[in-house]
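Residues per chain are reported as follows:
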Amino acid sequence: MEAVQAQVLSHYRSELVEHIRANGHVLSADGLLTVKLAKEFGFCYGVERAIDLAYAARKYFPPEKPIYLLGEIIHNPEVNDQIRNLGIQIISPKPTDAEMDRLQPGDVVMIPAFGTEVGTRKALEAKGCQMVDTTCGDVMSVWKRVRQYSQENVTSIIHGKAKHEETKATTSQARAYGSGHYLVVFTLGETDYVCNYILNGGNKEEFLEKFKGAFSTGFDPDLHLKAVGVANQTTMLRGETEEVQRRIKAAMIQKYGASEIDKHFRFFDTICGATQDRQDALEKLLREPMDLLLVIGGYNSSNTSHLAEMGEAKLPTYFIKNSKKMVSDKLIVHYDQHKGQEVETHDWFPAGKITVGVTAGASCPNNLIEDTIRRLFELRGITSVRELLGTAN
């Protein structure tokens with residue numbers, strides 16, 4: 001990994017971003033534009049480690065030896081393009097029969113930062129593949145808790161997105177080493193539905209239809225909601241996960257009494273520290289006067305989407321994957337999470353002196369943040385940011 005550091009830095013580092021960080025996280029052209037960068041943003045340790053391992057694996061194994069990656073290394077399209085450029089072949093997160101047939105004993109298979117399902121790993125090991133595991137340590141901490149619940153016949157209620165790769169990997173842990181079950185809840189509305197069922201029962205068929213695809217095989221809400229443990233996808237909003245566990249705990253106390261709560265409810269804080277740091281930093285930035293916020297990252301990145309949600313609640317916020325989405329000062333193409341697609345917004349960049357906040361998800365490299373900042377100043381007619389750096393000094 002040490003041997004590839006220069007290559008990794010050449011692809012993802014930004015002197016401009018480092019300079020702004022060292023100068024109060026602000027870059028300004030008086031009378032035209034001020035950019036404020038959140039105190040915490042971009043690559044986290046887990047993402048850096050995953051990328052380093054990918055580059056190191058390609059250097060370590062002979063060039064002729066194929067390396068396969070299960071899906072995306074992280075949720076950022078530019079980074080995944082760079083991984084492809086190394087000659088690493090991307091296959092399905094859960095390989096198809098045809099892909100499994102293509103793999104040979106001794107082939108190298110890389111597990112992405114959010115992990116893989118237990119069954120997938122076992123199948124690859126049985127095939128004789130060599131594994132390069134880049135799973136984030138915070139994700140593995142969640143797995144440990146879910147396995148503990150499973151071994152104690154406690155149902156894991158997981159706050160997360162049921163179709164997200166990390167959540168799929170986590171739910172697979174619930175059935176791998178014991179007889180526990182799982183149920184995934186995404187919203188507080190779904191949480192309230194579960195709480196009401198715990199307290200009052202209800203229509204089992206309706207329950208199972210509502211959560212279709214988000215519970216374990218054989219899950220029965222009449223049987224498996226009597227003892228539950230809350231866990232979460234590591235990139236969720238901390239406040240929302242805490243509210244999920246608070247509501248479920250309150251329902252259990254109401255149902256069984258405070259003296260019996262330990263028999264029916266468990267909870268461990270498994271929010272990723274880097275995710276929380278970025279949320280805290282944005283919360284602080286949002287208290288400052290700003291005209292708009294740009295959030296940079298992959299559209300399928302969970303932690304980035306939550307940063308965009310936080311911004312939207314306060315001021316005009318544009319979720320973009322790169323600087324090219326700022327077509328002009330009259331047009332920006334950005335991701336609308338509610339519609340699940342890119343949309344166009346016109347006249348997004350106000351005239352006159354403005355302040356723009358910038359943050360990025362944990363899977364966004366600094367070079368993309370630099371591109372975005374440079375583009376902002378270009379839209380104000382400033383093509384030489386280097387002059388501003390001298391002013392900042």
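Structure first, text after, so check above.
The rules behind these values
- Residues numbered from 1 in each chain as written.
- Predicted model: local features only at pLDDT ≥ 70, side-chain atom pairs only at ≥ 80, totals over all residues.
- Heavy atoms only, no water.
- Pairing = 2+ DSSP bridges.
- Helix = DSSP H or I, 4+ residues; strand = E, 2+ residues; numbered from the N terminus.
- Axes fitted to C-alpha atoms, helices over the stretch in contact; angles between N-to-C directions.
- Contact = heavy atoms within 4.5 Å.
- Phe/Tyr/Trp six-rings, centres within 6.5 Å; stacked < 30°, edge-to-face > 60°.
- Buried < 20%, exposed > 50% of the residue type's maximum accessible area, 1.4 Å probe, protein only.
- Arc of directions from axis to C-beta.
- Core = buried A, V, L, I, M, F, W, Y, C linked by side-chain atoms within 4.5 Å.
- Patch = residues over 30% accessible without salt bridge, like charges linked within 9 Å, V, L, I, M, F, W, Y side chains within 5 Å.
- Areas by Shrake-Rupley, 256 points an atom, 1.4 Å probe, with all protein chains shown as cover.
- Salt bridge = Lys/Arg side-chain N within 4 Å of Asp/Glu carboxyl O.
- Lys, Arg positive; Asp, Glu negative; His and termini not counted.
- Charge placed at Lys NZ, Arg CZ, Asp CG, Glu CD.

Draft legend 1. Here's a closer look at the sheet that holds strand β11 (residues 292-296). Here we have 5 strands laid out as an open sheet, ordered β1-β2-β15-β11-β12, and mixed in their pairing. The open sheet has two free edges, formed respectively by β1 (26-29) and β12 (317-320), since each of these has just one partner strand. Recorded for the sheet is a direction-independent mean angle of 20 degrees between the axes of neighbouring strands. Relative to strand β15 (residues 354-360), strand β2 (residues 33-37) runs parallel, the two sharing 5 bridges. Each residue of the ladder has a partner; that of V35, found in β15, is V356. This element, helix α14 (residues 273-285), spans β2, β11 and β15 of the sheet and lies at about 170 degrees to β15.

Draft legend 2. Spatial organisation of the packing of aromatic side chains. Overall, the coordinates contain 14 aromatic pairs when judged by the stated rule. Taken together, a centroid distance of 5.7 Å and an interplanar angle of 75 degrees make the contact between Y318 and W348 edge-to-face. Taken together, the residues Y318 in strand β12 and W348 in the loop between β14 (341-346) and β15 connect sequence positions 30 residues apart. There is no split in this pair, since Y318 and W348 are both buried. Within the aromatic cluster, the residues linked to one another by ring pairs are Y193, Y197, F207, F211, F215 and F219.

Draft legend 3. Region of the structure containing helix α4 (residues 77-85). Buried within α4 are the following residues: V79, N80 and I83. Looking down the long axis of α4, one finds its buried residues gathered within 100 degrees of arc, a one-sided arrangement. Summarising the contacts, the buried residues of α4 are in contact with α1 (5-12), α3 (45-60), β3 (67-70) and β4 (89-91). Among the residues trailing α4, G87 stands out with phi positive, at a value near 95 degrees.

Draft legend 4. Looking closely at the nonpolar core. Counting residues in hydrophobic clusters, the biggest one holds 32 residues, and the most contacted among them are L294, W348, F349, V356, I369, L376 and F377. Secondary structure elements with two or more residues in this core: α2 (15-22), β1, β2, β11, β12, β15, α16 (366-378) and α17 (385-392). Of the residues forming this core, the biggest block, 5 residues, is contributed by α16. The contact partners of F349, leaving out residues within four places of it in the chain, are L33, L292, D329, I354, V356, L376, L379 and R380. The next biggest cluster of nonpolar side chains, apart from the first, holds 30 residues, and it includes V146, V154, I158 and A227.

Draft legend 5. Looking closely at the environment of L237. For L237, the position within the fold is in the loop between β9 (228-232) and α12 (238-256). For the pair L237 and R278, spaced 41 residues apart in sequence, the C-alpha separation works out to 11 Å. In contact with L237, other than residues within four places in its own chain, are I271, Q279, H306, E309 and M310.

Draft legend 6. Geometry of a negative patch on the surface. A grouping of E40, D277, D280 and E283 is seen on the molecular surface, where their side chains present a negatively charged patch. Tracing the backbone shows D280 in helix α14.

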